[in-house]
Amino acid sequence: MSYDHIYVIPDQGKMKGGLLYDKYTNLSYFADVQALEDKTKTGRDLEVSVTSYKRGRFMRDPAPSTIPQQTRNVSMGIRQTKGAIPGYTITLDDGIERRQFQYTGGMSGLYAWLKTKATQDVVLYGPTGTPYDPIVVAGEGNAEVKITK
């Protein structure tokens, strides 16, 4: 199972951030994600030095050969997540769209981040389905968000 984005939600003061797994690029509908680090885009190529070592042709080889020191090219950070995804399911709902994500951090950190980065009025539901206070986009006054769960 491939995820389009794995966003790093930063810590909000003393509130812990975490990783938010976004399978279908839905978080950008609810919030501004331009400044977030995306772990699916952090692959890099490295040159790794390997020290010399002895290698036998078979078990208990009386005359193992020595492999000289060398460098290898390695690509890091390119694995896709397979199997179970860590964290718990959270839901974002704006009254029209309802989308689920996997999240590994603290709910208070995610709520605080959404309060500053939300692009529309949204309700955050925790892993047990309990709604948090509606998040109103800054500068819009008293917009109404309906809780429809």
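The next point concerns the pairing of strand β2 (residues 18-22). Burial runs high along β2: five of the five residues are buried. Sheet analysis places strand β1 (residues 5-9) next to β2, joined by five bridges and oriented antiparallel. Pairing of Y7 across the sheet is with L20, part of β2. As paired strands, β2 and strand β9 (residues 98-103) are joined by two bridges and run antiparallel to one another. Bridging from a neighbouring strand, L20 pairs with Y103 of β9.

Turning our attention to the pattern of salt bridges. Applying the stated criterion across every chain, the model contains three salt bridges. A salt bridge links E97 to R99, with the shortest nitrogen-to-oxygen separation between them at 2.4 Å. Assessed through its relative accessible area of 24%, E97 is described here as partly exposed. Exposure remark for R99: the relative accessible area of 30% places this residue in the partly exposed category.

With 88% of its residues at a pLDDT of 70 or more, the protein has an overall mean of 87. When the elements of the protein are averaged for pLDDT, strand β7 (residues 70-76) gives the smallest value, 86, and strand β10 (residues 123-125) the largest, 97.

Let us now look at the environment of G83. Along the chain, G83 turns up in the loop between β7 and β8 (88-93). With relative accessibility at 55%, the residue G83 sits in the exposed group. It is 9.8 Å that separates the C-alpha atoms of G83 and S2, two residues lying 81 residues apart in sequence.

An order of β3-β1-β2-β9-β8-β10 is seen for the six strands of this open sheet, with the pairing classed as antiparallel. At either end of the open sheet lies a strand with only one pairing partner, and these are β3 (37-38) and β10. The pairing of β8 with β9 spans six bridges and is antiparallel. Directly across from L92, in β9, lies its bridge partner R99.

Parameters at a glance
Residues numbered from 1 in each chain as written. Predicted model: local features only at pLDDT ≥ 70, side-chain atom pairs only at ≥ 80, totals over all residues. Heavy atoms only, no water. Buried < 20%, exposed > 50% of the residue type's maximum accessible area, 1.4 Å probe, protein only. Helix = DSSP H or I, 4+ residues; strand = E, 2+ residues; numbered from the N terminus. Pairing = 2+ DSSP bridges. Salt bridge = Lys/Arg side-chain N within 4 Å of Asp/Glu carboxyl O. pLDDT = per-residue confidence, 0-100.

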